[in-house]
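Now for the letters of each chain:
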Amino acid sequence: MAYKRIEHYDEDVTNDLIKNYRETIRLIGEDPDREGLIKTPKRIAKAMQYCTQGYGQDAGAVLNSAKFHEDISEMIVVKNIELYSMCEHHMLPFFGKAHIAYIPNGWITGLSKIARVVDIFSKRLQVQERLTTQILDAIKDALNPLGVGVVIEAEHLCMMMRGVQKQNSVTTTSAFFGEFEKQTTRHEFISLISADLIKRK
Ligand SMILES: Nc1nc2c(ncn2[C@@H]2O[C@H](COP(=O)(O)OP(=O)(O)OP(=O)(O)O)[C@@H](O)[C@H]2O)c(=O)[nH]1
Ligand SMILES: [Zn+2]
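Remember, predicted model here, so these are calculated numbers, not experimental data.

## Here we look at the pairing of strand β6 (residues 147–156)
Here is step 1 of the chain: The element β6 is extensively covered by neighbouring structure, given that ten of its ten residues are classed as buried.
Here is step 2 of the chain: For strand β3 (residues 93–103) and β6, the ladder comprises ten bridges, and the chain directions are antiparallel. Opposite G96, over in β6, you have A154 as the bridge partner.

## What to know about the domain arrangement of the chain
Here is step 1 of the chain: One can read the domain layout of the chain as domain 1 (11–53) and domain 2 (59–194).
Here is step 2 of the chain: Summarising the inter-unit geometry, the C-alpha centres of domain 1 and domain 2 are found 32 Å apart.
Here is step 3 of the chain: With five residues of domain 1 at the interface, the matching set in domain 2 holds four residues.
Here is step 4 of the chain: On the domain 1 side of the contact with domain 2, M48, C51 and T52 bury the most area, a combined 72% of that side's loss.
Here is step 5 of the chain: At the junction of domain 1 with domain 2, the criterion picks out zero salt bridges.
Here is step 6 of the chain: Applying the counting rule to domain 1 against domain 2 returns zero residue pairs in polar contact (both at pLDDT 80 or more).

## Describing the UniProt feature "domain: GTP cyclohydrolase I" (unreviewed entry) in the chain
Here is step 1 of the chain: Within this numbering scheme, the UniProt entry marks residues 19–193 as carrying the feature "domain: GTP cyclohydrolase I" (unreviewed entry).
Here is step 2 of the chain: Overall, residues 19–193 shows 40% helix and 28% strand. The separation of its end C-alpha atoms is 46 Å.

## Things to note about the nonpolar core
Here is step 1 of the chain: If you look at the biggest cluster of nonpolar residues, it comprises 31 residues, and the most contacted ones within it are I100, Y102, I135 and I139.
Here is step 2 of the chain: Sorting the residues of this core by element identifies α3 (59–64), β2 (76–87), β3, α4 (111–122), α5 (128–143) and β6 as the ones contributing at least two each.
Here is step 3 of the chain: Here the element with the most residues in this core is α5; it accounts for seven residues.
Here is step 4 of the chain: When sequence neighbours within four positions are dropped, the list of residues in contact with I100 reads I76, V77, V78, I81, I114, V118, I135, I139, G149, V150 and F189.
Here is step 5 of the chain: In this structure, V151, F180, F189 and I193 belong to the second largest nonpolar core, which totals eight residues.

Cut-offs and rules
- Residues numbered from 1 in each chain as written.
- Chains lettered and ligands numbered in written order.
- Predicted model: local features only at pLDDT ≥ 70, side-chain atom pairs only at ≥ 80, totals over all residues.
- Heavy atoms only, no water.
- Buried < 20%, exposed > 50% of the residue type's maximum accessible area, 1.4 Å probe, protein only.
- Helix = DSSP H or I, 4+ residues; strand = E, 2+ residues; numbered from the N terminus.
- Pairing = 2+ DSSP bridges.
- Domains from an automatic or database assignment.
- Contact = heavy atoms within 4.5 Å.
- Buried area = accessible area lost by both parts, 1.4 Å probe.
- Salt bridge = Lys/Arg side-chain N within 4 Å of Asp/Glu carboxyl O.
- Polar contact = N/O pair within 3.5 Å; in protein donor to acceptor, adjacent residues only side chain to side chain.
- UniProt positions renumbered as here; feature names shortened; annotations may be inferred.
- Core = buried A, V, L, I, M, F, W, Y, C linked by side-chain atoms within 4.5 Å.

Right under this line is the structure:
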């Protein structure tokens, strides 16, 4: 699958979504023909396609598009990569930060490509755990590195604005492969990101 960015919206999908969101607006007791709402179904249709554009994108192709041969065996860390995703249970946003490290094995990738991979898997309906392992697997498969570590911290609106209504909980998920399964390597990575972890009073 080629790496593509959505620069236009699929007309048929947009028209079908507009019909759906007009109906949704009506079902929640609003008037879809009210002046302030008249363009809303189209806005949501575009926003939803934007927020789920990761389905049309291939993380492996992105990582391979800027892959360079380098004999480096030290840890590379890209931290504080902001992410916005939607939980697959409520289709409400969850958002936070990803911290990613890998130890190359002859190949490195462009730093921005690591952040692009986060976007590709975030812009789908997700659970935070699967998002974490998908990022890990994509880097593992594309670069064949000695190790990969991924830590994601996120706040889930489905736990904040509804449901259990906890405003301060932060969910941390992690996935480790290869060298990062060893405690020393894992500790080095965690110590490099520890100052950046989300703090709560
Ligand atoms: N493991 C995991 N759970 C998530 C994630 N996002 C949302 N959830 C949870 O998915 C669960 C769905 O539970 P259900 O009982 O089917 O749904 P619900 O009745 O709306 O649950 P409440 O949110 O507790 O009101 C909830 O516990 C959510 O907190 C995620 O990324 N990972
Ligand atoms: Zn949810």
